[in-house]
Amino acid sequence: MYLLSNLIMSASLGMDRYLDIFQSSFFPLLEGALARTIPLTLIAFSIGLVLAVVTALFRLSGIKLLEIIARIYVSIIRGTPLLVQLYIIFFGLVSIGIEVDPFPAAIVGFSLNTGAYASEIIRAAIQSIPKGQWEASYSISMNYGQALRRIIIPQATRVSIPPLSNSFISLVKDTSLASTIMVTEMFRKSQEIVATTYEPLLLYTEAALLYWTICFLLSLGQDAIEKHLNRYVQT
């Protein structure tokens, strides 16, 4: 009976300790998400989206040099791991005298990576628009730029929203790799707390739950946007 009582007391103290660690680490993890994870995602995705549009237009321009530049860029980024790209930018460039701080290095790495993958989404979306749309634009005296801006891009945007939204949500999770180049985002915060509490399972699970919560909320936003855009599509 005495042994059972001791076991129950030990289990209770253990649970109290786990609960205390979980509660005390929540706000530092949330701070890491708000101060680094989310800003890094927003900035990198915005820059990457601009790169993606430019790259996609280069691929579709019909100008050989621009097509080659775009193809090489996409091939290099898609053919190498994101972690290696981050290491080259943060650790590798130092050897040739170029030193980049952790957060800007992460922005550069994630932007380049997003730009390459998103460019293929945008290119496919533009190519999915029937050629008749181009011909109709030209028939009312629009030039290439006007047709692209007023007719093609708005339609391609609706097509590209679902895959681009998925890329955005994936980027939220991928930002955890920034911890390897000393960016104090959410996962890095969890690593720092683990170093003092020695509870990796608890802390990494808590970080995973926060990542899941953010991605779940973004998924709800994605569904709302898709429903709004699909209102104008005849079925």
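Conventions we followed
- Residues numbered from 1 in each chain as written.
- Predicted model: local features only at pLDDT ≥ 70, side-chain atom pairs only at ≥ 80, totals over all residues.
- Heavy atoms only, no water.
- Core = buried A, V, L, I, M, F, W, Y, C linked by side-chain atoms within 4.5 Å.
- Buried < 20%, exposed > 50% of the residue type's maximum accessible area, 1.4 Å probe, protein only.
- Helix = DSSP H or I, 4+ residues; strand = E, 2+ residues; numbered from the N terminus.
- Contact = heavy atoms within 4.5 Å.
- Axes fitted to C-alpha atoms, helices over the stretch in contact; angles between N-to-C directions.
- Parallel < 35°, antiparallel > 145°, perpendicular 65-115°, else oblique.
- Nonpolar A, V, L, I, M, F, W, Y, C, P; charged D, E, K, R; others polar.
- Phe/Tyr/Trp six-rings, centres within 6.5 Å; stacked < 30°, edge-to-face > 60°.
- pLDDT = per-residue confidence, 0-100.
- Polar contact = N/O pair within 3.5 Å; in protein donor to acceptor, adjacent residues only side chain to side chain.
- Expected span 1.5 Å × (residues − 1).
- Bend = angle between axes of the 7 residues up to and from the residue.

Peer 1: How do you make sense of the nonpolar core when you look at a structure like this?
Peer 2: Note that soluble globular proteins tend to have their nonpolar side chains buried in a common cluster. Counting 32 residues, the largest nonpolar core has Leu40, Ala106, Phe110 and Ile181 as the members making the most contacts within it. For this core, the secondary structure elements donating two or more residues are α1 (2–60), α3 (82–92), α4 (102–127) and α6 (144–174). Sort the elements by how many residues they give to this core and α4 lands first, with 10 residues. What Ala106 contacts, discounting residues up to four positions off in sequence, is Leu40, Leu86, Ala178, Ile181 and Val183. The next biggest cluster of nonpolar side chains, apart from the first, holds 14 residues, and it includes Leu29, Ile193, Tyr211 and Cys215.

Peer 1: Is there a simple way to think about the packing of α6 against helix α8 (residues 200–230) in this case?
Peer 2: Axes are the key here: two packed helices are described by the angle between their axes and the distance separating the axes. Relative orientation of the contacting elements α6 and α8 amounts to 170°, with a least axis distance of 10 Å. It follows from the interaxial angle that α6 and α8 lie roughly antiparallel. Here Arg158, Ile161, Pro162, Ser165, Asn166, Phe168, Ile169, Val172 and Lys173 of α6 come into contact with α8, specifically with Tyr211, Ile214, Cys215, Leu218, Ser219, Gln222, Ile225, Glu226, Leu229 and Asn230. Looking at side-chain class alone, the contact of α6 with α8 contains 11 nonpolar, 5 polar and 3 charged residues.

Peer 1: Would you mind going over the packing of aromatic side chains with me for this structure?
Peer 2: Working definition: an aromatic ring pair is given by the centre-to-centre distance plus the angle between the planes. Taken as a whole and judged by the stated rule, the model has 7 aromatic pairs. Ring centres of Phe26 and Phe27 lie 5.3 Å apart, and the angle between their planes is 80°; on these two criteria the pair is classed as edge-to-face. Using a relative accessible area of 31% as the deciding quantity, one classes Phe26 as partly exposed. Take Phe27: its relative accessible area is 59%, and that puts it in the exposed class. When the ring of Phe45 is compared with that of Phe168, the centres are 5.0 Å apart and the planes differ by 80°; the resulting orientation is edge-to-face. Residue Phe45 is located in helix α1, and its partner Phe168 is located in helix α6; the two are separated by 123 residues in the primary sequence.

Peer 1: Please explain the confidence of the model for the protein chain as it appears in this structure.
Peer 2: Do not read the predicted coordinates in detail wherever pLDDT is low. Here the protein chain shows a mean pLDDT of 89. Residues at 70 or above account for 92%. Low confidence marks residues 2–7, where pLDDT is under 50. Its contacts with residues over four positions away, or in another chain, come to 0 contacts.

Peer 1: Looking at this structure, how should I read the environment of Pro163?
Peer 2: For Pro163, the location among the structural elements is in helix α6. Distance from Pro163 to Ala105, taken between C-alpha atoms, is 26 Å for residues 58 residues apart in sequence.

Peer 1: Could you clarify how one ought to interpret the side chain of Thr55 in this entry?
Peer 2: Mapping Thr55 onto the fold places it in helix α1. Apart from the residues lying within four places of it in its own chain, the contact partners of Thr55 are Ala70, Tyr73, Val74 and Ser119.

Peer 1: What exactly am I supposed to notice about the side chain of Asn113 here?
Peer 2: Note that Asn113 resides in helix α4. We classify Asn113 as buried; its relative accessible area is 12%. At a separation of 3.2 Å, a polar atom in the side chain of Asn113 contacts the side chain of Gln85.

Peer 1: Can you help me understand α4 in this one?
Peer 2: In an α-helix, one turn spans 3.6 residues, which is why side chains three or four residues apart end up on the same side. The terminal C-alpha atoms of α4 lie 38 Å apart, and with 26 residues this matches the ideal 38 Å at 1.5 Å per residue to within 8%. Taken as a whole, α4 carries its principal kink of about 25° at Ala118. Counting buried positions along α4 gives 19 out of 26 residues, so the element sits mostly inside the fold.

Peer 1: Looking at this model, I keep getting lost on unusual backbone geometry. Mind explaining?
Peer 2: Glycine aside, a negative phi is what most residues show, and trans is what most peptide bonds show. The backbone phi angle of Met182 is positive, close to 70°, even though this residue is not glycine. Assignment of secondary structure puts Met182 in the loop between α6 and α7 (186–197).

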